[in-house]
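This is what each chain is made of:
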Amino acid sequence: MAAVEKRRLAVAPAANFIDSSRPSVSGAAATTESEEDFLQQLGVTKMLRAALLKVLEARPEEPISFLAHYFENMGLSTPANSGAGEPPGQLLLQQQRLGRALWHLRLAHHSQRTAFNNNVGVAYECLSASGRKKKPGLDGRTYSELLKRICRDGEAPEEVVAPLLRKIQCRDHEAVPLDVFRTGMLTCFVLLEFVGRAGALYQLLEDPMLAVADRRMSQAVLDTLEGVLQASSGASAPTHYLEAGSRLGPDSLALAMDRALVARRPSSPMTREEFLEKAAALFIAKVKPVG
Amino acid sequence: MMLSPERLALPDYEYLAQRHVLTYMEDAVCQLLENKEDVSQYGIARFFTEYFNSVCQGTHILFREFSFIQATPHNRASFLRAFWRCFRTVGKNGDLLTMKEYHCLLQLLCPDFPLELTQKAARIVLMDDAMDCLMSFSDFLLAFQIQFYYSEFLESVAAIYQDLLSGKNPNTVIVPTSSSGQHRQRPNLGEVSILEGVEASLFYQRLESLCDRHKYSCPPPALVKEVLSNVQRLTFYGFLVALSKHRGISQALGALPDKADLMHDPAMDEELDRL
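Everything numeric here is computed off the predicted structure, so don't read it as measured data.

J.: I'd like a description of the overall build of chain B, backed by residues and values.
T.: Looking only at helices and strands, chain B has 15 helices and four strands in total. Scored against the burial criterion, the 275 residues of chain B give a buried share of 49%. Contacts spanning at least 24 positions in sequence make up 66% of the contacts within chain B whose residues lie at least 6 apart. With an accessible surface of roughly 13,700 Å², chain B has 52% of that area assigned to carbon and sulfur atoms.

Here it is as structure tokens:
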């Protein structure tokens, strides 16, 4: 309440500078005693402060949508009834743990290294918590399920990510240590972004009428991409490949495409799926297998 | 989530201010207090979830007070979109309404919507003439969009226009003219009258520095330049009409579909087909 007041007073004069036409959002100048008590009893201020700190840490592109998801997850974690009825079954608990871990992992973009690593740690703890029939620690089976979920939610086609999963998955009953977990998470998110960018690249090559791209042109682009990735093979962090890909200069790409067009022979089309699979394969080839 | 490095480098306060995060958090608390009878202990999180979801979807502005509706660019865009969705059938029927009738429609969504703003919008359509004339839905909506979303910008533009018109700028040319039908905004200078309107390039120079200086929303300067590049001289309302009809500006604003699709109402079409 004091914090709410402070925030309101602090924002008002500054807001007049920025939202120049905004007199006051609410009619009332200050909350009354009973309203302050109400807010305090329900822990609203604490809740909002925690939410605000999370927003500042994650710096999402869309903070309002972020807040909506944040409170949604908070609602899910709160028990609907304190201690009444049967505790939820193992499967439900497992799903809840996965959901919660996923939410933590998505709070910060993988390039925000500190925030991302923090969240990975929290997600790891969340999954490693011991349950009624569960020993503490993260097992390979849960880890695999999480990887598949991330890829599915990231809208990457299964065939595209399957080779990655084969490389970095652990055996079902193997214990997964934190550093393996962290590398796996980072690689997964980077691959998803890589596939996303490859998709955007394909869209540039795509013939809008036929919804496919010329095979030779697509292959030229893939070859250039491979060349750029080879050049950075000294780097070990997955994100470096992403940077290398983005450094795909317009000149080298244009040259490759020109050459492809010049050799004017009838060419078969390359579908989006094939393009993405091949692009992803270039990335996955660089990933060190686990074990 | 694509990376935009600028937002990560901003100081906390600026980042929050850009997206009006604190505005919405404050409003959420006020709404909570106003509805406290309905909200129970563990419903708080759900209340905030619904509130922020509603903000994302643009339904949060329905039936709210005017001061809230105009508080952020997102609120204004949401309101425009809501107005379009609610009343596009008016356009479909080809009905023409007066300014007062459009104002009644606006008040259905916002009870304290100021008449002055509706009047200003109507002036754009009617070129400041015969204010009780009938207007089509699309004409009114496109003019209203510009007037409402860019209110502050337009006020400054009006001031700049007056400056240029009254010759405060040394470059203004004053020549006698025989043109009849003086524009209402022209000051009465007796025998010497000013060429109608102001010079477009000079006008653009002043507008460009206006856009640089101010933090509230301006139309994209490149598009304003486009509007002004086609003419030598123009009047204030001529300029506003051009803004309202510029497809790129409407698209950049992002609240309404293209003019061709303004009447597009598939749900209503389905209903009508069934009859």
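There's plenty left to go through after this.
J.: Could you give me a rundown of the pattern of salt bridges, with the residues and numbers involved?
T.: Residues and elements named next belong to chain B. This model, assessed by the stated rule, comprises 15 salt bridges over all chains. Across the pair E152 and R76 runs a salt bridge whose closest N-O atoms are separated by 2.7 Å. Of this pair, E152 sits in helix 10 (residues 151-165) while R76 is found in helix 6 (residues 73-92), placing the two residues 76 residues apart along the sequence. The pair E152 / R76 is uniform in exposure class, with both members buried. Its salt-bridge partner being D163, residue R206 comes within 3.5 Å of it at the nearest N-O pair.

J.: Just give me the short version of the sheet that holds strand 2 (residues 212-214) of chain A, but keep the residues and values in it.
T.: One open sheet holds the three strands; their spatial order is 1-2-3 (chain A), and the pairing between them is antiparallel. Across the chains shown, the open sheet's two edge strands, defined by having one partner strand only, are strand 1 (206-207) and strand 3 (269-270) of chain A.

J.: I'd like to hear about the side chain of B:S78, residue by residue, with values.
T.: Residue and element names in this part refer to chain B. As for its position among the elements, S78 is in helix 6. Of the polar contacts made by the side chain of S78, one reaches the backbone oxygen of H74; its length is 2.7 Å. In contact with S78, other than residues within four places in its own chain, are G58, H60 and I61.

J.: An account of the packing of helix 3 (residues 21-34) of chain B against helix 4 (residues 44-57) of chain B is needed here, citing residue identities and associated values.
T.: Helix packing geometry: the angle between the two helix axes and the distance between the axes. Residue and element names in this part refer to chain B. Remark: helix 3 packs on helix 4, axes separated minimally by 10 Å, with the N-to-C direction vectors making an angle of 130°. With respect to helix 4, the element helix 3 is oriented oblique. Judged by the twist between their axes, the crossing of helix 3 over helix 4 is right-handed. Listed contacts from helix 4 to Y24, M25, D27, A28, V29, Q31 and L32 of helix 3 are I44, F47, F48, Y51, F52 and V55. In terms of residue class, the contact of helix 3 with helix 4 is made up of 11 nonpolar, one polar and one charged.

J.: Please set out the packing of aromatic side chains residue by residue, giving values where relevant.
T.: Here the structure, examined in full by the defined rule, presents 29 aromatic pairs over all chains. Pairing A:Y70 with A:F71 gives two aromatic rings, centres 5.4 Å apart and planes at 85°, and the pair type is edge-to-face. Ring centres of B:Y102 and B:F140 lie 4.2 Å apart, and the angle between their planes is 5°; this geometry places the pair in the stacked category. Of the two residues, B:Y102 is situated in helix 7 (residues 99-109) and B:F140 in helix 9 (residues 137-149); the sequence distance between them amounts to 38 residues. Comparing B:Y102 with B:F140, the two get one shared label, buried. What links up through ring pairs into an aromatic cluster is the set B:F66, B:F79, B:F83, B:F87, B:Y102, B:F113, B:F137, B:F140, B:F144 and B:F148. The ring of B:F68 has B:R64 sitting right over it, with the charged end atom 4.0 Å from the ring centre.

Calculation criteria
Residues numbered from 1 in each chain as written. Chains lettered and ligands numbered in written order. Predicted model: local features only at pLDDT ≥ 70, side-chain atom pairs only at ≥ 80, totals over all residues. Heavy atoms only, no water. Helix = DSSP H or I, 4+ residues; strand = E, 2+ residues; numbered from the N terminus. Buried < 20%, exposed > 50% of the residue type's maximum accessible area, 1.4 Å probe, protein only. Contact = heavy atoms within 4.5 Å. Areas by Shrake-Rupley, 256 points an atom, 1.4 Å probe, with all protein chains shown as cover. Salt bridge = Lys/Arg side-chain N within 4 Å of Asp/Glu carboxyl O. Pairing = 2+ DSSP bridges. Polar contact = N/O pair within 3.5 Å; in protein donor to acceptor, adjacent residues only side chain to side chain. Axes fitted to C-alpha atoms, helices over the stretch in contact; angles between N-to-C directions. Parallel < 35°, antiparallel > 145°, perpendicular 65-115°, else oblique. Left-handed = near helix turned anticlockwise from the far one by under 90°. Nonpolar A, V, L, I, M, F, W, Y, C, P; charged D, E, K, R; others polar. Phe/Tyr/Trp six-rings, centres within 6.5 Å; stacked < 30°, edge-to-face > 60°. Lys NZ or Arg CZ within 6 Å of the ring centre and 35° of its normal.

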